[in-house]
Amino acid sequence: MDNPKSEISQKSENGLEQSSINSLDKLQQGALIVAENGKVKFANAAFRELTGLHNSEICEDDFLAELFDSISSNQIMEKLQSRSSFEMLVEIKNAEGRNITCKITLIPAFQAEAITLPLSLILFAQPNEIEKDLMESLERKNRQYELAIKGTRNGLWDWNLETNEAFYSSQWFEMLGYSPNDLPATLQSFYDQLHPEDYFRVIRTINSYITRETLEYDVEFRLRQKDGSYKWIHGRGEVLFNKENNPYRFIGFNRDITEKKLAEQIVAAKEREYSNLINSLQEVIFKTDIYGRFTLLNPFWKQLMGYNEENSLGEDLVGYLHPTEAENKSGIVKEIISGVRKMEFQQVRMVTREGKVIWVELFIRPEIDEESRAPKGTYGSIKNISEQRYAQLALQESEKKRDEVLSSIDDVVWSYNVITKESTFFGNSLERIFGYKEKEFIEAPNLWYQIAHPDDRKIAKATAENTIKGTPASEVVYRIVKKNGDVRWIRVRSRISHLSSKEVHRIDGTVADITAMKRAELALIEQEKEYRKVVTSLSEAIIKFDDKGKIIFTNPAWKKLTGYKSETAGGKNFFDFVYEEDLDIALELWNNTQKKGAEAINGELRLKHKTNNFRWVELFLQQSNEDGEHSYFGSIVDIHDKLQANQKLIESEKKFRFLSENLNDILLLLDTDGKFLYVSPSIKNLRFSSIELKEKTIFDLVQKDSVESFKLKFENAIKANIKSLAEVKFLKKGKDT
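Remember, it's a predicted structure, so these values are computed and weren't measured experimentally.

### Focus on the overall build of the protein chain
- In terms of regular secondary structure, the protein chain is built from 26 helices and 27 strands.
- Per-residue burial over the protein chain gives 40% buried out of 737 residues.
- In the protein chain, of all internal contacts separated by at least 6 residues, the share reaching a separation of at least 24 is 44%.

### Examining the sheet that holds strand β8 (residues 217–224)
- An order of β7-β6-β10-β9-β8 is seen for the 5 strands of this open sheet, with the pairing classed as antiparallel. Only two strands of the sheet have a single neighbouring strand rather than two, namely β7 (166–168) and β8. Sheet twist, expressed as the average angle between the axes of neighbouring strands with direction ignored, equals 25°.
- Relative to strand β9 (residues 230–241), β8 runs antiparallel, the two being bridged by 8 bridges. The residue of β9 that forms the bridge with R222 is W232.
- Against the sheet, helix α11 (residues 196–210) makes contact with β6 (155–160), β8, β9 and β10 (247–256), and its axis sits at roughly 150° relative to β8, the strand it touches most.

### Describing a positive patch on the surface
- A cluster of like positive charges, contributed by K559, K565, K572 and K610, occupies part of the molecular surface.
- Assignment of secondary structure puts K565 in the loop between α22 (557–562) and α23 (566–569).
- The exposure class assigned to K565 is partly exposed, which follows from its relative accessible area of 44%.

### A word on the sheet that holds strand β11 (residues 284–288)
- Taking strand neighbours across the sheet as the criterion, the 5 strands line up as β12-β11-β15-β14-β13 in an open arrangement whose pairing is antiparallel. Since the sheet does not close on itself, it has two edges, and those belong to β12 (294–297) and β13 (344–351), each with one partner. Adjacent strand axes in the sheet meet at a mean angle of 30° when their direction is disregarded.
- Two elements, β11 and strand β15 (residues 375–384), share 5 bridges in a ladder whose sense is antiparallel. The partner of T288 across the bridge, within β15, is T378.
- Helix α15 (residues 323–338) rests against β13, β14 (357–368) and β15 of the sheet, and its axis sits at about 140° to β13.

### Quick word on the packing of aromatic side chains
- For the structure shown, the criterion picks out 35 aromatic pairs.
- Ring centres of W172 and F173 lie 5.4 Å apart, and the angle between their planes is 80°; on these two criteria the pair is classed as edge-to-face. Considered together, W172 and F173 belong to a single accessibility category, that of buried residues.
- Ring centres 5.8 Å apart and planes at 80° place the aromatic pair W590 and Y632 in the edge-to-face group. In this pair, W590 is assigned in helix α24 (residues 583–596) and Y632 in strand β25 (residues 629–638), connecting sequence segments 42 residues apart.
- Residue W590 is classed as buried on the basis of its relative accessible area of 12%.
- The ring of W232 has K261 lying over it, and the distance from NZ or CZ to the ring centre is 4.5 Å.
- Taking NZ or CZ as reference, R606 lies 5.1 Å from the ring centre of F614, over its face.

Criteria and cut-off values
- Each chain has its residues counted from 1, following the order in which its sequence is written.
- Residues qualify for local features only when their pLDDT is at least 70, as the model is predicted, and side-chain atom pairs are given and counted only at 80 or more; totals for whole chains, interfaces and linings, by contrast, use all residues.
- To get the side-chain values, take all heavy atoms of the structure and skip hydrogens and water.
- Think of it this way: any DSSP run of H or I at least four residues long counts as a helix, any run of E at least two long counts as a strand, and we number them from the N terminus.
- Relative accessible area decides the class of each residue, using a 1.4 Å probe on protein chains only: under 20% of the type maximum gives buried, over 50% gives exposed, and in between gives partly exposed.
- By definition, residues are in contact when any of their heavy atoms lie within 4.5 Å.
- Two strands pair if DSSP finds at least two bridges between them.
- Each axis is a line fitted through C-alpha atoms, taken for helices only over the stretch in contact, and angles between the N-to-C directions span 0 to 180 degrees.
- Without a salt bridge and with relative accessible area above 30%, a residue can belong to a patch; like charges are then joined within 9 Å and nonpolar side chains (Val, Leu, Ile, Met, Phe, Trp, Tyr) within 5 Å.
- For the area figures, the Shrake-Rupley method with a 1.4 Å probe applies, and any residue is considered shielded solely by the protein chains shown.
- Whenever Lys or Arg places a side-chain nitrogen within 4 Å of a carboxyl oxygen from Asp or Glu, that contact is recorded as a salt bridge.
- We score Asp and Glu as negative and Lys and Arg as positive, and we do not count His or the chain ends.
- A charge is said to be at NZ when it belongs to Lys, at CZ for Arg, at CG for Asp and at CD for Glu.
- Paired rings are identified among Phe, Tyr and Trp, the last through its six-membered ring, by centres lying within 6.5 Å, and are further divided according to the angle between planes into stacked (under 30 degrees), edge-to-face (over 60) and tilted (the rest).
- Counted as over-ring charges are cases with an Arg CZ or a Lys NZ within 6 Å of the ring centre that also lie within 35 degrees of the ring normal.

In structure tokens form, the structure reads like this:
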């Protein structure tokens, strides 16, 4: 055998320290130092002894490919390149061509001092028989998994439960849109990709299986893809236990079941939709077995019959029929179950839980097994038609009364049979409204829209055509031209009547002359136009805003108050125009209006003007519920000049009182009747007080012989609105003059 030290003695040839070579040569296990490209850099003595190979043979470029089979070789190269730890059972060939079973351990990232290329250490050991059997079993599973994954594109994974290191196949990464280097080779990488809603459930499933609480690992979950979306995954795997019966390895595969899940969700949605539809029907839906016993009932069964559907399952359909019906119809049900009859519509009587007899329409047909084509039961529906049956008995009496009523009303009542295309008219108003007789309408079906006003002919024609088709509008209003040329407004109302099969059978309706009402409406519209003209011409500002203060309408007087045109105010908030110091007043008015409802509330406040000034106004505010929506109407009176005038008046009055109270002359203010409004303090010169004169007039103080002449002068002065000077004798309290 070659001397290894003579062939690998120069540090520059392989970059390995002599101390490292000596240490590896002392190992009892075979050892190789391998670069990530698969090139062997060193083989120790134990390896050469194990294989009987020389260094020159070992250091060839394709040595690893010759040493291992292709699958093992590919796995080792993948681990070398990803710098991952690895342990597996392999078959290697010695110099004589004999296979030797070895357990190899790959230790990555062994870095030689003078070599930039990362190296890995591979240790070879011949296992004992128990370990060999376990490793061979594991390897067989690995190969089976690998072959299965390559054929189905499932993602293989291999977790080391002792180190938390993991191996993921390229298919595992591709399934999620990753490349093998995007995620670290750890168990945590799997946990990090789990959907938050599945995380704890999957963890519990894994732990339960590892601790042998469950017999298998078979679980569905969602994993996050590289683009952030999620895929549904079906995971299966198996845990390996060592000779101490401790789990040390977990191997399995993931299968992409996203499309299957989406299909299941669609099917589930359809089933829910079907179930909701069945449960919402106002008729009974049922199924029976081949003996006629209920196997399915929807909730309407309880509403119709009074029995809980759960309690009725397994009971015979015929048992709920009226005794007479049960005797007559049981044979028909048996023939349907056996397939002799294909389907059957029957009007039968049934007996409810309370003992009430009801009439129903029973539809029943056989259910055939798809494979054997043999009958396996029935399905059908039960519809309550009691009202129909009982209504038939009262129909003739009702029609008699109807004719009596129709003859007394002003409207034309008509009926159109969709099946026979025939029209019928009731009442005595046909000729009065249209000017044409019933015979003329029957002989000329197009007369309906021919007599329509030219501007409304399209509406009338569409109304007639839709009625013939069986799809009339519920109400149509248009004008007609009577036979004598008069233009009248009519309202046509329609209602559809169905047969039991729900096909349109008849269309009934009325025609009313609403000319007077339409004229009133047109007059109302004109009134509204006039009202708008009045509002527009008002000197007072009119405003309308919604429940958030957004202005809907203002008249032109708004500009005088604020300087802004009405069209620019629309959409803005009314409270933005209120002077800041008066906002509390405005909001209080608004709140009080909401409490008072339709009652008007008023208050004084200031509105901001475009010129940065303000105007004093009196706001009258009232709530309105127009079309069910809260809004507010208000009138705004400009009191700015009035308040300023009042202020001046107050100042003037103060001056007046000051002067009057300091004069020796008596100053009096009188109303047009001569009553005292004000008396200066100097009235005391006549020995009267202002209180004494409160209920008197000026004429009470004039000497009696001068009263009439003074009154005349007083009245003339008021009428002419002129100053008048008069000499008159006044009475002094306690004296004559």
